[in-house]
Amino acid sequence: MHTVIKTYFVACLLCLTTMSTTLAHDGQENGCNGYDREINTELLLLSERAAVMPTSLAVGKSYELILNPQSEETMLAEPHRLSLDDASFAVILPLSLSTSAKYRISVSSESWVDVVKRIKETATYEVVPSTDFSGRFECKTLRKLVEYDLNHDDTYYLQLTGSPTSKIQIVITVVKA
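In this text the structure is predicted, and so the values were computed from the model without any measurement. (Residues numbered from 1 in each chain as written. Predicted model: local features only at pLDDT ≥ 70, side-chain atom pairs only at ≥ 80, totals over all residues. Heavy atoms only, no water.)

J.: Would you take a moment to explain the environment of Asn151 for this structure?
T.: As for its position among the elements, Asn151 is in the loop between strand E10 (144-150) and strand E11 (155-163). By relative accessible area, which is 30% here, Asn151 ends up partly exposed. For the pair Asn151 and Ser100, spaced 51 residues apart in sequence, the C-alpha to C-alpha distance is 4.2 Å. Apart from residues lying up to four places away in sequence, Asn151 is in contact with Ser100 and Tyr156. (Helix = DSSP H or I, 4+ residues; strand = E, 2+ residues; numbered from the N terminus. Buried < 20%, exposed > 50% of the residue type's maximum accessible area, 1.4 Å probe, protein only. Contact = heavy atoms within 4.5 Å.)

J.: For this particular structure, what's the right way to read the pattern of salt bridges?
T.: Summed over the entire model, instances satisfying the criterion amount to seven salt bridges. Linking Glu147 and Arg37 is a salt bridge whose minimum nitrogen-to-oxygen distance equals 3.3 Å. Taken together, the residues span a long stretch of sequence, with Glu147 in strand E10 and Arg37 in the loop between helix H1 (2-29) and helix H2 (40-47) at a distance of 110 residues. A relative accessible area of 4% places Glu147 in the buried class. Judged by its relative accessible area of 18%, Arg37 falls in the buried class. With its nearest N and O atoms 2.8 Å apart, the salt bridge here joins Arg104 to Glu147. Residue Arg104 is found in strand E6 (residues 101-107), and its partner Glu147 is found in strand E10; the two are separated by 43 residues along the sequence. You'll find Arg104 and Glu147 in the same group, each marked buried. Taken together, the shared-partner salt bridges in this structure form one network comprising Asp36, Arg37, Glu42, Arg104, Asp132 and Glu147. (Salt bridge = Lys/Arg side-chain N within 4 Å of Asp/Glu carboxyl O.)

J.: Hey, could you run me through H2 in this one?
T.: Structurally, the α-helix is built with 3.6 residues per turn, so residues lying three or four positions apart point the same way. Three or more residues of H2 are buried, namely Glu42, Leu43, Leu45 and Leu46. Buried positions in H2, seen along its axis, are confined to an arc of 165° and lie on one side of it. (Arc of directions from axis to C-beta.)

J.: How should I be thinking about the packing of aromatic side chains in this particular structure?
T.: The way to describe two aromatic rings as a pair is by their centre distance and the angle between their planes. Across all of its chains, the model carries one aromatic pair by this definition. Plain terms: the ring middles of Tyr125 and Tyr157 are 5.9 Å apart, the flat faces sit at 70° to each other, and that makes the pair edge-to-face. Residue Tyr125 is found in strand E8 (residues 124-128), and its partner Tyr157 is found in strand E11; the two are separated by 32 residues along the sequence. (Phe/Tyr/Trp six-rings, centres within 6.5 Å; stacked < 30°, edge-to-face > 60°.)

J.: I keep staring at the pairing of strand E12 (residues 167-174) and nothing clicks. Help me out?
T.: If a strand is regular, its side chains alternate between the two faces of the sheet. The buried count for E12 comes to six of eight residues, which makes it a mostly enclosed element. Across five bridges, the pairing between strand E3 (residues 62-66) and E12 is antiparallel. Counterpart to Glu64 in the pairing with E12 is Gln169. In this structure, E6 lies alongside E12, joined through five bridges in antiparallel fashion. Bridging from a neighbouring strand, Ser106 pairs with Val171 of E12. (Pairing = 2+ DSSP bridges.)

Okay, structure coming up:
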């Protein structure tokens, strides 16, 4: 019995290692090797079946977001780059954070990514400055990633704007130091 369990465990480990290596290789083949950082976690999550339109965004999960015409969205704060294209799409969703950390928001296609913080004292909103970003037009799986230092005691929202499509896949991960 123990031999069967050990064999099964080893087979699972080999499968996961192969899957991770294949995804990393596929990402390189799809133009994703131009990123100057490790993105295997994001590529793996973006390859998983995505939950559709959650009520809030949690870390370590893949989501497919349905965006609305940008003209129909009420922005919480002025986007750092506002697309005035009438055909653009946008969405705003709360973030669910359990710890203070540097977070990476990765999206599958073109859009402007802002994190908006609610200021408790004044009940207003402000765009949080990003700490880093990178993007690759040639990467078919991971178009852009943006990093932010966020405190779990504050209330944050993801505000995506300027998307040319009404669907986008997204993952949020903690950046390892």
